[in-house]
Amino acid sequence: MEVAVVASAVTGAIRTLLPKLTALLHKKYKLSGGVRKKITSLRHEMSSMSALLVTLAGLEELTPRDKDWRDKVRELSYDIEDCIDIFTHELDRHEAKGGLRRRLKKIKARYKIGHRIEELRAQVVELSNRHNRYKPDECIGSPSSRALVEVDPRLQALYVDPDSLVGIDAQKAKLIELLRMDVGDTQRLKLVAIAGFGGMGKTTLANQVYTKMKGQFDCTAFVSVSRIPNIAKILSDIYSATTDPNTNCNDERLIIDRLRNSLEDKRYLIVIDDIWTMEAWNAIKGCFLENSLGSRVITTTRFEDIAQACCSSLHGLVYRIKPLNCIDSRRLFDRRIFPLNCPEQLKTVRGGILKKCEGVPLVIISVASILACHEEVNSTEIWEKIHNHFVIYLEGHRALGWIRHVLNLGYNDLCLDLKTCMLYFSIFAEDSEIMKDDLVKRWIAEGFVTEKHGRSPHDIAESYFSELINRNMIQIANIDDCGHVLSCRVHDIMLDFIILKSTEENFVTIMNDLHCTKGCLDVRRLSLQKIKNSRCNDLVENIALTQARSFNFWGPAQSIPSVSKFQLLRVLHIVVSGDRDENYDLSCICNLFQLKYLRIVGIWCTGFLKQLRKLQHLQTLEIAHRRSEDVYLDIGELPLTLLHLIVFAKLLGDIGRMRSLICLATLAIGDIKHMEGMKGLGNLADLRELRLYVSASVWNTGGRQLSFRESLAKPEHHYVPHLRGVAICDSLLSSFSRLGSLESLIINGGLPVDVLICWSPPPRRLRRLHVQDCPFSVVPYWITQFAILRSLEIEILSMTREGIHILSQLVSLVNLRLFVRKSLPAEGVVIPGAAFPNLKGFFFRCKVPCLKFRAGATPRLQNLTVECHTRAVQRADTVLEGIEHLGSLMTCKVNIYHHDFFMATQTGGGDGPRPPSIWQALEDEVLKAINKNLGYPEPEVLVQCL
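Residues numbered from 1 in each chain as written. Predicted model: local features only at pLDDT ≥ 70, side-chain atom pairs only at ≥ 80, totals over all residues. Heavy atoms only, no water.

(A) Molecular detail of the side chain of R74. Position of R74 relative to the elements: it lies in helix α3 (residues 64-95). By relative accessible area, R74 is classed as buried at 0%. When sequence neighbours within four positions are dropped, the list of residues in contact with R74 reads A9, V10, T11, G12, E504, E505, N506 and L521. (Helix = DSSP H or I, 4+ residues; strand = E, 2+ residues; numbered from the N terminus. Buried < 20%, exposed > 50% of the residue type's maximum accessible area, 1.4 Å probe, protein only. Contact = heavy atoms within 4.5 Å.)

Structural data, given as structure tokens:
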């Protein structure tokens, strides 16, 4: 079995430390035999400790003694790795330069490391001996030693009074409707899988539906599965409830055979509650047979993939349980506390508490229970304490025991690496929108993810992110234009829970104006969040930060601690709010020899840009500031280890030397001298994402108009390129043709017509092509080669029937933004039947919106936006013809402009009085066309004149 060499919240740096200890034995470091022997002994001790830490991590509860030993080993592993990193850095630095003085420094460094290794080995041996003095079976985590048995929280849901439930009626009615809905033949077996976050009320909902419907069936059963299921008992319980209550059989196959025989001529309703694994479902589903009697099955699970698997096994669909709305949340909360109404002085803080609860019934009831039991139930101060310091109550208050239990179930079910990645979310402030790509790069830089079984760290990290979403432990915030998850957020209660766990593991130290989780141990990762309190600033200044591996800052520039306080950072993330013109000295960043991730947003800092070559481990460099367009960055000063280069700056030098780049974003080209280095762009064989900004000054020729290639287009079709622009375009086109790994290309800033018309061969892996600022006279034929293209933004001067046919061959397209500047076919843009089978978003801009849909076209289209000119009133009777065929349409937005420059305007804004007599007729026709739509649900419609 392959062991991943990654850092972990539980094992600390042990798993990354072991290969470094092995590397020290290499002849390169020329250590003495005695030191090498000590290193070997140290490696063996740490390896044994690593195995024991992993074992302890699998236990749900430890004795204080074991926790103390675990913490000391974890912290010691960090210290040993830091020692080795500093030694190897010093030795490599001296190795690069010759001379007697340098050789003497290397001898001194070897002596120091030998002495330090002896000290650390002595500490490790002492820790090992201390742990061996105690018997392993004294660990409270062992099953035999548990004094308390947890009560199953689902019992309460099974026997709750229906009259006490709030906000469940609509969801119960919807679920019953889904169960009664036809499945082709109404008598076929059907399944509905309820999926959602723990504590959302899945069991309660399933039980209420079961109670309501069970009288319509010949036999019924309600069984719970749980994390560690006893499949034989579950099957036996189903058999007892539906057939023979006196059964006593432990043979799973025999029970399934008996069940199938028994259910063959019965209409049954069976609820399988709380499924945790695919293996459990695969074992249980065998007892459900199709008897064409209208039988029904309901399942509940936290996992999206298990819900989908349940549905694919039988004729089913997934019902994602919804949180309570604001009104129902208040009703449930107030009913628990007040006999009548909430006092006026508590309504504001009540709103803050309910916002944190986010409609999760279990959380609302638990928090309300704390307040209801408090002797000062009407004290605003008590309410504010619970709102501002909920994490403290979560740790120890008995009323929140159910929440801790539910959240612990999900957390303990994670593997070691997923636990670490989950705890990392504690770095972010409450209500943060966390970008997936940024998070993945951080995980890799922190060492939580590494290559495994031939899969790249990036792919592994993305799979971890998807798994956390699948388990409903994090929530999707936004979807990108390609239909993939763009960002996520963490439920406030889940965030408080992982802050609690992170503090226990000394994983992240969090400081803001309300909280400080700094304990007695060294700070390993520091998160400063929107600090305005001077007391917090003083506290930060007095904390030793030399051992910190990650520094994350959000707030005003004056609250940033000096970067010179750090020595071993892997991740440095600074986002400054407020005055974005403020300068800040970050020159000492270049002394952070371990730095892998650097992101600076909102402050003016250029001093360190000329020293970036020193950062020999840097993988991500992102710098954004509104004045950064005046910044020049010399590519020759960049480390060759860079994978992601995202800078709002003008690059000088040969970009082709950066062979490892995967992402190159916002590359400013403002002058022909800056283009010399761009000739090497095509050498970036691994480049996947390219965002290119082209300065308009490149094409400025003092008013003289030239075509890009007069042989390719007619004079009236162009912008104003200079002859020097031809060389730039040739260089770009040549480079683009060699980027075989490219998956995303975005060009902003304006290029002449048909610059890319001769693009050959285009990259076959392209998924995103946004070239609206690079118009074409007609739709280029080579676009049909993008078999997996998912997002397209393109401007066409003249749309032809052939162009429509070419675009309709893009069967993978999810998002399309189509701008037509001049002419259309006589019949308009007609989307043929079966075209764009996966399209979900369509933006169409043209002076006359002659957009027609044939039956079967865009069957999944959800969002349609059309922008047109008031002169379209001349053809108003053909507006949005066939929209009634769009059965999945959810929103339809039509913007009608009355000024002549709307084609060049992204947002509206009329200049003068609007002529209602002109656009009213068009607006009426648009609404008339939209009202033909027979989709369910009825689409949201917005027509506005700008």
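(B) Structural view of the nonpolar core. Counting 116 residues, the largest nonpolar core has F608, F736, L756, F842 and L864 as the members making the most contacts within it. Mapped onto the domain boundaries, this core takes at least three residues apiece from domain 5 (507-626) and domain 6 (777-945). In this structure, L332, I337, I403 and V440 belong to the second largest nonpolar core, which totals 96 residues. (Core = buried A, V, L, I, M, F, W, Y, C linked by side-chain atoms within 4.5 Å. Domains from an automatic or database assignment.)

(C) Local environment of helix α19 (residues 436-446). Of all 11 residues making up α19, 10 are buried, and the element is well covered by its neighbours. Along α19, the residues classified as buried are K436, D438, L439, V440, K441, R442, W443, I444, A445 and E446. Just beyond α19, the residue with positive phi is G447, at close to 90°.

(D) Fine view of the pattern of salt bridges. Enumeration according to the criterion identifies 45 salt bridges in this entry. Notably, a salt bridge pairs E118 with K38, separated by 3.3 Å at the nearest N-O pair. With E118 in helix α4 (residues 100-132) and K38 in helix α2 (residues 33-57), this pair connects stretches of sequence that are 80 residues apart. Given the relative accessible area of 27%, E118 is considered partly exposed. Note on K38: relative accessible area 28%, which makes it partly exposed. Taking the shortest distance from any N to any O, the salt bridge between D481 and R768 comes out at 2.9 Å. Highlighted residues: D481 in the loop between β7 (475-479) and β8 (485-489) and R768 in strand β20 (residues 768-776), separated in sequence by 287 residues. (Salt bridge = Lys/Arg side-chain N within 4 Å of Asp/Glu carboxyl O.)

(E) View of the pairing of strand β11 (residues 550-556). Counting buried positions along β11 yields seven of seven residues, so the element is predominantly enclosed. Two strands pair when backbone bridges link them, and strand β10 (residues 525-529) and β11 are joined in this way by five bridges, in the parallel orientation. Residue pairing across strands places Q529 opposite W554, the latter belonging to β11. In this structure, β11 lies alongside strand β12 (residues 571-577), joined through seven bridges in parallel fashion. Looking at the pairing, F551 lines up with L572 of β12. (Pairing = 2+ DSSP bridges.)

From the geometry alone we can't say anything about function, so treat these as descriptive.
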